[in-house]
Amino acid sequence: MAALGRMVDRAGLIGGLPREGAEAPDEALVRAAQCGDRGAFGALYQRYSRMVHGILLARVPRLVAEDLLQDVFLQALSRLSSLRDAGKFGGWLAAIARNRANDYHRQAKPAEEWNENATETDGGRAGRDNVTDGLFLLEAVRSLPEAYRETLILRFVEGMTGPEIAERTGLKHGSVRVNLYRGMQMLREKLQRGSFLAERK
Amino acid sequence: MKNDYLWDGSGVPDAELQKLEKTLGQFRCNAEAPTLPAVDRQLDVVRSRGFFSAWRMPRFLAVSFLAAGVVAGAAGLFLRAPSAPMVPGWDVAQIEGAPVVGSAAVRGENAKASLKVGEALVTDGNSRASVQVAEIGELFVDPGSRVRLLETGSNRKRIAVEVGTIHAAIWAPPGEFVVDTPSATAVDLGCAYSLTVAEDGSGTLRTRLGWVGFHQNGHDSFIPAGAMCLTKPVQGPGTPYFEDSTEKFRDAIHALDFEDVDGSEREKALRAVLSQARRRDVFTLWHLLPRVNEAERPMVYDRMVALVRAPVGTTREGTLRLDAAMLDRWWNSFDLGDIGIWRFWEQNEAPRVKKAAG
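Since the structure is predicted, the reported quantities are computational estimates derived from the model, not experimental observations.

So, how was this worked out
Residues numbered from 1 in each chain as written. Chains lettered and ligands numbered in written order. Predicted model: local features only at pLDDT ≥ 70, side-chain atom pairs only at ≥ 80, totals over all residues. Heavy atoms only, no water. Helix = DSSP H or I, 4+ residues; strand = E, 2+ residues; numbered from the N terminus. Buried < 20%, exposed > 50% of the residue type's maximum accessible area, 1.4 Å probe, protein only. Contact = heavy atoms within 4.5 Å. Areas by Shrake-Rupley, 256 points an atom, 1.4 Å probe, with all protein chains shown as cover. pLDDT = per-residue confidence, 0-100. Axes fitted to C-alpha atoms, helices over the stretch in contact; angles between N-to-C directions. Parallel < 35°, antiparallel > 145°, perpendicular 65-115°, else oblique. Left-handed = near helix turned anticlockwise from the far one by under 90°. Nonpolar A, V, L, I, M, F, W, Y, C, P; charged D, E, K, R; others polar. Polar contact = N/O pair within 3.5 Å; in protein donor to acceptor, adjacent residues only side chain to side chain. Pairing = 2+ DSSP bridges. Bend = angle between axes of the 7 residues up to and from the residue. Core = buried A, V, L, I, M, F, W, Y, C linked by side-chain atoms within 4.5 Å.

When you go through chain A residue by residue, the secondary structure sums to ten helices and zero strands. Starting at the N terminus and walking to the C terminus, you meet the elements of chain A as α-α-α-α-α-α-α-α-α-α. A burial count over chain A gives 51% of its 201 residues as buried. By sequence separation, contacts in chain A at least 24 residues apart represent 61% of the contacts at least 6 residues apart. Surface accessibility of chain A: about 9,200 Å² in total, with carbon and sulfur atoms responsible for 47%.

Of regular secondary structure, chain B possesses twelve helices and 18 strands. Here chain B, with 358 residues, has 48% of them falling under the buried criterion. Within chain B, contacts between residues at least 6 apart in sequence are counted, and of these 46% link residues at least 24 apart. Summed over all atoms, the accessible surface of chain B reaches about 16,900 Å², with 55% contributed by carbon and sulfur.

Residues and elements named next belong to chain A. A residue-level look at chain A finds 71% of positions with pLDDT of 70 or above and a mean pLDDT of 75. Below a pLDDT of 50 lies the segment residues 110-125, which in the model reaches 26 contacts outside its immediate sequence neighbourhood of four places, other chains included. Segment residues 195-201: pLDDT under 50, and ten contacts once partners within four positions in sequence are set aside and those in other chains are kept.

Moving on: the confidence of the model for chain B. All names here are of chain B. With 80% of its residues at a pLDDT of 70 or more, chain B shows a mean pLDDT of 82. Looking at the elements of chain B, mean pLDDT is at its lowest for helix α3 (residues 41-48), recorded as 38, and at its highest for helix α7 (residues 282-288), recorded as 97. Segment residues 37-85: pLDDT under 50, and 54 contacts once partners within four positions in sequence are set aside and those in other chains are kept. The ipTM for the predicted assembly is 0.78, set against a pTM of 0.53.

All names here are of chain B. Two elements in contact, helix α5 (residues 247-258) and helix α6 (residues 263-276), have axes whose closest approach is 8 Å; the angle formed by their N-to-C orientations is 140°. Comparing their axes, α6 and α5 come out oblique. Crossing handedness for the pair α5 and α6: left-handed. For the pair formed by α5 and α6, the contact residues are K248, F249, A252, I253, A255 and L256 on the first element and R266, A269, L270, A272, V273 and Q276 on the second. Of the residues in the contact of α5 with α6, the class split is nine nonpolar, one polar and two charged.

Attention now goes to the side chain of H287 of chain B. Residues and elements named next belong to chain B. On the secondary structure map, H287 appears in helix α7. Take H287: its relative accessible area is 1%, and that puts it in the buried class. A polar contact of 2.9 Å, which involves the side chain of H287, links it to the backbone oxygen of F283. Beyond its immediate sequence surroundings of up to four residues, H287 is in contact with D220, S221, F222, T239, P240 and W331.

Right, let's talk about the pairing of strand β14 (residues 211-216) of chain B for a bit. Residues and elements named next belong to chain B. Buried residues dominate β14, accounting for five of its six residues. Alignment of β14 against strand β15 (residues 219-224), held across six bridges, turns out to be antiparallel. Bridge assignment links H215 to a residue of β15, and that residue is D220. Once β14 ends, the chain turns through two residues before running back antiparallel as β15, passing N217 with a positive phi of about 50°.

The next point concerns the environment of Q75 of chain A. Residue placement: Q75 of chain A occurs in helix α4 (residues 62-79). C-alpha separation for the pair Q75 of chain A and A97 of chain A, spaced 22 residues apart in sequence, amounts to 9.4 Å. For Q75 of chain A, the contacting residues outside a window of four places in its chain are I96 and R100 of chain A together with D335 of chain B.

Moving on, we get to the environment of L57 of chain A. Structurally, L57 of chain A can be placed in helix α3 (residues 38-57). Taking C-alpha positions, L57 of chain A is 9.3 Å from R149 of chain A, a pair spaced 92 residues apart along the chain. Ignoring sequence-local partners within four residues, the contact set of L57 of chain A consists of R62, A65, L138, R142, I153 and V157 of chain A together with F27 of chain B.

With that out of the way, let us pick up α3 of chain A. The largest bend along α3 of chain A measures about 55° and falls at Y48 of chain A. A large share of α3 of chain A lies buried, amounting to 16 of its 20 residues.

What follows concerns the side chain of D180 of chain B. All names here are of chain B. Topologically, D180 is positioned in strand β10 (residues 177-180). Overall, D180 belongs to the buried group, its relative accessible area being 12%. A polar atom in the side chain of D180 sits 3.1 Å from the side chain of T185. For D180, the residues in contact, after removing those within four places along its chain, are L150, R158, I159, A160, V161 and T185.

Formed by 76 residues in total, the largest nonpolar core has its most connected members in I159 and F177 of chain B. Of the residues forming this core, the biggest block, six residues, is contributed by α5 of chain B. In this structure, A65, L69, F89 and V157 of chain A belong to the second largest nonpolar core, which totals 67 residues.

Below, the structure is given as structure tokens:
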């Protein structure tokens with residue numbers, strides 16, 4: 001990060017070096033990336049890949065999400081010069097990810113649909129059970145309305161906190177909070193109807 | 001407290017939520033960062049100009065032009081004498097060795113010179129230089145290069161790379177910066193690329209950001225970021241491809257573009273291209289459509305639609321008869337750049353470039 005800080009500082013993009021260990025603000029990274037700095041874009045990737053993955057996972061098959069993750073960042077890189085307000089990078093990137101997922105559904109051919117239950121995991125019975133449980137749960141989350149499933153996936157799959165989701169996606173805290181609580185309530189109802197948690201416990 | 005755990009992980013952990021975290025957490029993103037071209041030293045130099053960095057330039061220019069306009073307007077009211085015509089030059093800075101501008105060598109650290117229209121910048125085997133492209137970008141000229149300034153108008157900047165390598169970082173509107181080579185004309189449609197011209201007039205273009213059009217006698221190739229394209233005298237620009245495509249794919253493209261293959265050899269090369277093509281290589285297949293013969297074209301089309309869904313508004317028949325609007329729809333579906341920009345350049349600028357070159 002110190003090297004990145006030096007790079008950003010040399011570009012005259014921020015007033016001074018970020019403190020050792022402190023994160024460069026999004027604005028500085030975006031502006032450096034707009035000038036062609038791959039290191040800065042790499043830092044943005046590290047910062048936002050979980051958000052993009054979560055948004056994709058809420059909309060497309062699991063294995064496809066990994067594929068599209070790269071696409072979204074490459075698309076963002078090619079369009080970065082059009083982003084005028086560097087502080088809104090997160091919301092802008094989230095919109096690209098949502099659009100990319102929609103494009104996938106428009107373009108995908110039936111023969112190319114992934115088998116969602118296919119897994120490369122070759123663990124023992126416990127591992128298989130965990131994967132099966134996970135797929136079942138993932139399917140349950142993805143059956144929720146869009147806003148809820150995206151927020152719940154960011155929270156439970158990607159391990160982001162509510163404030164972090166708000167900061168990264170550009171949504172208001174209140175909206176994220178509502179999505180989390182209502183989504184969780186709906187998920188509970190769905191799972192209880194299916195007796196999932198009780199059975200698994 | 002339970003609700004706080006859902007919101008920010010604080011408070012007493014909720015067993016149910018922890019189970020969700022554990023079970024769903026196995027699907028967390030663990031993909032590697034995409035492979036991007038390395039940061040170039042040349043771009044570092046651009047950035048090190050600080051205030052004159054790409055993103056600030058438009059604002060700086062806007063303010064400067066506004067201020068200049070006010071001053072010039074006020075002055076014009078009082079001073080009506082005609083001013084001497086300006087002959088703008090581009091600033092050349094020595095990076096290494098002693099590059100030559102016109103007939104004068106640019107020696108010493110921080111030495112500078114001005115490149116005028118018609119003059120050439122020549123670097124020997126030990127020298128390198130940077131060139132300020134008016135207000136719209138910067139060029140870096142590698143050793144062993146000869147670059148000539150042909151035009152520097154308000155809407156078009158044009159150079160010829162006679163031999164050698166340049167790295168261009170351009171932040172002008174698409175189509176404003178044009179580079180002639182002996183076998184093709186490169187039109188900047190985006191941001192950054194490298195172009196090498198060999199003594200025999202052949203060339204290689206690699207795009208690092210945005211996209212670049214390669215044009216010769218109505219023969220067009222579009223090269224998006226991460227892709228490259230070869231060009232040869234007589235044949236002109238070849239078929240572009242992503243640099244991460246397979247070797248077999250690239251070799252077969254070269255064979256189709258530049259080698260005198262026919263019959264079974266040609267069919268073998270085409271089959272290799274089609275079998276090796278990945279989803280993202282459809283843009284290469286799109287370029288092949290007008291370049292293969294009528295008997296081969298359905299094979300290319302079939303492979304394209306096996307990899308991606310045909311865009312709305314296109315048909316098999318229309319695409320096979322090379323309907324221009326349908327081909328444009330195909331290109332725009334790749335999301336590599338709006339072909340409308342190119343069509344605009346083609347109609348408005350290409351004839352002027354051709355006339356100026358002719």
